[in-house]
Amino acid sequence: MHQAFGAIASQFEQEAGKIMNVSAAAAPRVWCGRTVPAFANGRLTYAEMKRAHLGTGDRSVFIKIVQGR
């Protein structure tokens, strides 16, 4: 893995872990475990995910999902 990519991934894992109240090591697994079922059952839409990724608009639904609420 390229060093710069590893640093970005590590930073993402730390920030995501804080949002989800899990360790940085568990963040990728928990992220997928919460967002994929939310997409599958219609609780999370593509538009909501895109807003969260871009940092625009209301992200409350997305935050609740990744926090496991």
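Our subject is the structure that appears above.
## Notes on the overall build of the chain
Consideration 1: Assigned secondary structure in the chain consists of four helices and zero strands.
Consideration 2: Listed by position from the N terminus, the elements making up the chain come as α-α-α-α.
Consideration 3: Counting only residues that meet the buried cut, the chain has 22% of its 69 residues in that class.
Consideration 4: Here the contacts in the chain between residues at least 6 apart in sequence split such that 33% fall between residues at least 24 apart.
Consideration 5: Here the chain displays about 4,800 Å² of accessible surface, and carbon together with sulfur accounts for 59% of that area.

## What to know about the nonpolar core
Consideration 1: By size, the foremost hydrophobic cluster in this structure holds twelve residues: A16, M20, A26, A27, V30, W31, A38, L44, A52, F62, I65 and V66.
Consideration 2: Elements that contribute at least two residues to this core include exactly α1 (3-20), α2 (27-40) and α4 (60-66).
Consideration 3: At four residues, α2 tops the list of elements feeding residues into this core.
Consideration 4: With sequence-adjacent residues up to four places away left out, M20 is seen in contact with A27, V30, W31, R34, V66 and Q67.

## Digging into α2
Consideration 1: Across its 14 residues, α2 extends 20 Å between first and last C-alpha, which sits within 8% of the 20 Å expected from 1.5 Å per residue.
Consideration 2: Among all positions of α2, only A27, V30, W31, T35 and A38 are buried. Burial along α2 is one-sided: seen end-on, the buried residues are contained in an arc of 105 degrees. Exposed positions of α2 whose direction lies more than 90 degrees from the buried face are R29, V36 and A40.
Consideration 3: G42 lies just past α2 and shows a positive phi near 85 degrees.

## Quick word on the packing of aromatic side chains
Consideration 1: Under the counting rule described, the total for this entry stands at one aromatic pair.
Consideration 2: Here W31 and F62 contribute two aromatic rings whose centre-to-centre distance is 5.4 Å and whose plane-to-plane angle is 65 degrees, an arrangement assigned as edge-to-face. Taken together, the residues span a long stretch of sequence, with W31 in helix α2 and F62 in helix α4 at a distance of 31 residues.
Consideration 3: What makes F62 buried here is its relative accessible area of 7%.

About the thresholds
Residues numbered from 1 in each chain as written. Predicted model: local features only at pLDDT ≥ 70, side-chain atom pairs only at ≥ 80, totals over all residues. Heavy atoms only, no water. Helix = DSSP H or I, 4+ residues; strand = E, 2+ residues; numbered from the N terminus. Buried < 20%, exposed > 50% of the residue type's maximum accessible area, 1.4 Å probe, protein only. Contact = heavy atoms within 4.5 Å. Areas by Shrake-Rupley, 256 points an atom, 1.4 Å probe, with all protein chains shown as cover. Core = buried A, V, L, I, M, F, W, Y, C linked by side-chain atoms within 4.5 Å. Expected span 1.5 Å × (residues − 1). Arc of directions from axis to C-beta. Phe/Tyr/Trp six-rings, centres within 6.5 Å; stacked < 30°, edge-to-face > 60°.

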